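Structure assessment
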Amino acid sequence: QAWIKIKAYEENHIWAALEQMSRRSQPLPWETFAEECFSFGRTKEALTFIDKVSNNENKLNILMKYECYEKAAQIAKKTKNEQLYNEIISNMNK
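Not measured: the values here are computed from a predicted model.

This part is about the packing of helix 3 (residues 30–39) against helix 4 (residues 43–50). Packed helix pairs are specified by the crossing angle of their axes together with the interaxial distance, meaning the distance between the axes. It is the contact of helix 3 with helix 4, at a shortest axis distance of 8 Å, that shows an interaxial angle of 170°. Relative to helix 4, helix 3 is oriented roughly antiparallel. Touching Trp30, Phe33, Ala34, Cys37 and Phe38 of helix 3 are Thr43, Glu45, Ala46, Leu47, Phe49 and Ile50, all from helix 4. Residues of the contact of helix 3 with helix 4, tallied by class, amount to nine nonpolar, one polar and one charged.

Below you can see the structure in the form of structure tokens.
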């Protein structure tokens, strides 16, 4: 049922309701909220959900998938993953 609500809010561009739903309960992982926002081109909203993801690897995977290299580089640097940081910087320069 939560998935249906998320889809309905997104398809009707009711972003405030989606944000409110995420505050009341977390029926699905934060990654799901972020991915759905990205799929509708709502990067700002997606990044608010990304910030709530506790696993940095999951954060990085999503950020790289949607080419949010600057935010991904910040997280890679913070986690001291030099190899990934260099890969991200390389992608930024393409």
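Having seen the model, we can carry on.
In contact at an axis separation of 11 Å, helix 3 and helix 5 (residues 56–65) are set at 5° when each is read in the N-to-C sense. One finds that helix 3 runs roughly parallel with respect to helix 5. Each of Glu31, Glu35 and Phe38 in helix 3 lies in contact with helix 5, whose residues at this interface are Asn58, Ile62 and Lys65. The class makeup of the residues in the contact of helix 3 with helix 5 is two nonpolar, one polar and three charged.

Right, let's get into helix 5. Along helix 5, the residues classified as buried are Lys59, Leu60, Ile62, Leu63 and Met64. On its buried face, helix 5 is in contact with helix 3, helix 4, helix 6 (69–78) and helix 7 (82–92). Put simply, asparagine 55 is the residue that caps the front of helix 5, since its side-chain oxygen is 2.8 Å from the backbone nitrogen of glutamate 57. Note on helix 5: the residue one or two positions beyond its end, glutamate 67, has a positive phi of about 55°.

Conventions adopted
- Residues numbered from 1 in each chain as written.
- Predicted model: local features only at pLDDT ≥ 70, side-chain atom pairs only at ≥ 80, totals over all residues.
- Heavy atoms only, no water.
- Axes fitted to C-alpha atoms, helices over the stretch in contact; angles between N-to-C directions.
- Helix = DSSP H or I, 4+ residues; strand = E, 2+ residues; numbered from the N terminus.
- Parallel < 35°, antiparallel > 145°, perpendicular 65-115°, else oblique.
- Contact = heavy atoms within 4.5 Å.
- Nonpolar A, V, L, I, M, F, W, Y, C, P; charged D, E, K, R; others polar.
- Buried < 20%, exposed > 50% of the residue type's maximum accessible area, 1.4 Å probe, protein only.
- Polar contact = N/O pair within 3.5 Å; in protein donor to acceptor, adjacent residues only side chain to side chain.

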